[in-house]
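Listed below are the residues making up each chain.
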Amino acid sequence: MQVSSEDIIALIEASLEANYSNVRTASNKIAKCISNYDLESAQKIKSILRKRGVPLQSSGYMESLPVDMKSRAPLLEEAQWPVSPLFLNSEAKNVFQTFIADVVNIEELISHGLAGRLNLLLSGPPGTGKTLVAGHIAAQLNRPLYIVRLDSVISSLLGDTAKNLRQIFDFAPKKNAILFLDEVDAVAKLRDDRHELGELKRVVNTLIQGLDSLDDHAVVIAATNHSGLLDPAIWRRFPYKINFQTPDYDLRQNLWSHFLFLDSGDESITALLAKLSDGLSGADIESISIATRRKCVLTKMDINIGSVVSAVIASSLGNTATPTNGELSTVEKKSITNLLHRTHGVTQVDLARILNTSRQTISSYLKD
Ligand SMILES: Nc1ncnc2c1ncn2[C@@H]1O[C@H](COP(=O)(O)OP(=O)(O)OP(=O)(O)O)[C@@H](O)[C@H]1O
Ligand SMILES: [Mg+2]
C-alpha cells in the first residue's frame, strides 16, 4: 500500500485545524503504508506519535480549559498515558492495586456505606516514578489525566490563587478526569515572608475545600518530593499513600533489564548492575541506559558493560555520567577492577568478562 495524496491532505488539514486526534489517525495511516518499504521511517513516525505530548495551546483544547485570569496561562494540562512499563516494589504495588480496585468498585463500596475519598498521595525523591504511577492509574482506569500546573495556579496574588484552585475543582469532575496535583508542596512553600500566614491559610483552605467538594467518584492524585512540608490537613485528606524510595535491588534489576537490555540481557550482568546502582533513581538508570543504547546505535557497537559500570559509579558519586560506550583506559579498568573486586566481591572471571579482557590481566590489575 502506497501513501496517497489524500492521506497527506488529511494530515495537513488536521494539523492546520489543530485536530490532534485526526493528526494521529492520519499519521498512523501513513506509517502503516510506508512500513512496507521504509520500516525505519514508519517506526520513527510511531515513536513521535507515542512520545510527543500535545501542546494544548495549539490543539484547540485551550478554550475549554480553565486559565489564570491575568496571564491566560492554562491551569491544567492533559497528559498522555505512559507507554513505558512501571516497576514497583511489593508494598507500592499493593497500594496501587488496592487503589485501582477501590476506584473500579466504588459503586459497590458506596452501596455498603464504605466509600471514602479516592485520593492518593505519592511522596518520594525525584525520578522514582511518581508521575509515571499517576499516568498508569489513568490508563488502567481509562480516564483522562489532568495535571494541575501549580506554577500557573499560584499567582502572586493569593486571592487569584484561590480563585484558580476553585476553577480547577469545578472543571475536573465534569470531564470524569483524574486530577493530578504534581508538586503539591508548592502550596506549602508559600510559607515565606512574601505572604502573610493568614493568606496562606486561605489558599490551603481553598485546596481543602476543593478536595472536599468532590463527589465519591472523583480521583485525585498528588505528588510531592517533600511530604514533610505538607499541611497536616491536606495530608489527612489522602487515605491512600505510596512512599517511594530509590529502587531496591529487585527493582533495579528490572529497570536495567528493561531500559538497557530490552528485557533480553544476561542475568548475571543485570544482577551486577543492580548491585552497583544502589541509591540511583529509576530515572538515573533509564538515562544511563538510553545514553548507552544511543551510543551503540551510532557507533554500531555492542553494549560495553565496562563503560556502563563506569557511568554507574560516577553517577553514584553524584557526578553527571554520560557513558561513552568506548573502550576504557587501563587506569579506568584498574580502578573499576579494584572497586568491584574489593568492595563488591565480583569474581575475577566476571571482571574479565565485564571489562573485555583476560583473567590474567585482571589478576595483574589486582596485584598492582
Ligand atoms: N519505578 C519505575 N518504573 C519504571 N520506570 C521508572 C520508575 N522510576 C523511574 N522510572 C523512569 O524514570 C522516568 C521519570 O520518572 P517520573 O517522572 O515518574 O519521576 P517522579 O518521581 O515523578 O520525579 P519528580 O519528583 O522529579 O517529578 C520515568 O518516565 C521512567 O522512565
Ligand atoms: Mg514527577
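Here the structure is a predicted model, which means the values were calculated and not measured. (Residues numbered from 1 in each chain as written. Chains lettered and ligands numbered in written order. Predicted model: local features only at pLDDT ≥ 70, side-chain atom pairs only at ≥ 80, totals over all residues. Heavy atoms only, no water.)

1. A short note on the nonpolar core
Right, so step 1: Membership of the largest hydrophobic core comes to 33 residues, with the highest contact counts inside it found for Leu76, Val148, Leu179 and Leu207.
Right, so step 2: Of all elements in the fold, only β3 (145-148), α8 (150-153), α9 (158-171), β4 (178-181), α11 (197-213), β5 (219-224) and α12 (232-236) reach the threshold of two or more residues within this core.
Right, so step 3: Phe261, Ala274, Val309 and Leu328 belong to the second largest nonpolar core, which has 30 residues in total. (Core = buried A, V, L, I, M, F, W, Y, C linked by side-chain atoms within 4.5 Å. Buried < 20%, exposed > 50% of the residue type's maximum accessible area, 1.4 Å probe, protein only. Helix = DSSP H or I, 4+ residues; strand = E, 2+ residues; numbered from the N terminus.)

2. Topic: the packing of helix α13 (residues 249-259) against helix α14 (residues 267-276)
Right, so step 1: Where α13 contacts α14, the two axes come as close as 8 Å, and the packing angle between them is 125°. When the interaxial angle is binned, α13 and α14 end up oblique. Crossing geometry of α13 relative to α14 is assigned as right-handed. Contacts from Tyr249, Arg252, Gln253, Trp256 and Ser257 of α13 reach α14 at Glu267, Thr270, Ala271, Leu273, Ala274 and Lys275.
Right, so step 2: Split by residue class, the contact of α13 with α14 holds five nonpolar, three polar and three charged. (Axes fitted to C-alpha atoms, helices over the stretch in contact; angles between N-to-C directions. Parallel < 35°, antiparallel > 145°, perpendicular 65-115°, else oblique. Left-handed = near helix turned anticlockwise from the far one by under 90°. Contact = heavy atoms within 4.5 Å. Nonpolar A, V, L, I, M, F, W, Y, C, P; charged D, E, K, R; others polar.)

3. Notes on the confidence of the model for the chain
Right, so step 1: Across the chain, the average pLDDT comes to 87, with 92% of residues at or above 70.
Right, so step 2: Confidence drops under pLDDT 50 across residues 56-60; counting only partners more than four residues distant or on other chains, this segment forms 12 contacts. (pLDDT = per-residue confidence, 0-100.)

4. As for the sheet that holds strand β1 (residues 76-79)
Right, so step 1: Taken in spatial order, the six strands of this open sheet run β1-β3-β4-β5-β2-β6, and their pairing is mixed. Edge positions in the open sheet fall to β1 and β6 (240-243), since each of these has one partner strand only. Pairs of neighbouring strands in the sheet enclose a mean axial angle of 20°, with direction left out of account.
Right, so step 2: Two strands pair when backbone bridges link them, and β3 and β4 are joined in this way by four bridges, in the parallel orientation. When the sheet's bridge partners are listed, Tyr146 is paired in β4 with Leu179. (Pairing = 2+ DSSP bridges.)

5. Considerations on unusual backbone geometry
Right, so step 1: Positive phi, normally seen in glycine, also occurs at Arg72, with a value near 65°.
Right, so step 2: When you line up the elements, Arg72 lands in the loop between α4 (56-59) and β1.
Right, so step 3: Backbone geometry at Asp263 places phi at a positive 65°, although glycine is not the residue there.
Right, so step 4: Here Asp263 lies in the loop between α13 and α14.
Right, so step 5: A residue is classified by how much of its surface remains accessible, and Asp263, at 53% relative accessible area, is exposed.

6. A look at the pairing of β6
Right, so step 1: The alternating pattern of β6 places Tyr240 and Ile242 on a buried face, while none of Lys241 and Asn243, on the opposite face, is buried.
Right, so step 2: By the bridge criterion, four bridges tie strand β2 (residues 118-123) to β6 in an arrangement that is parallel. By the bridge assignment, Leu120 is partnered in β6 with Tyr240.

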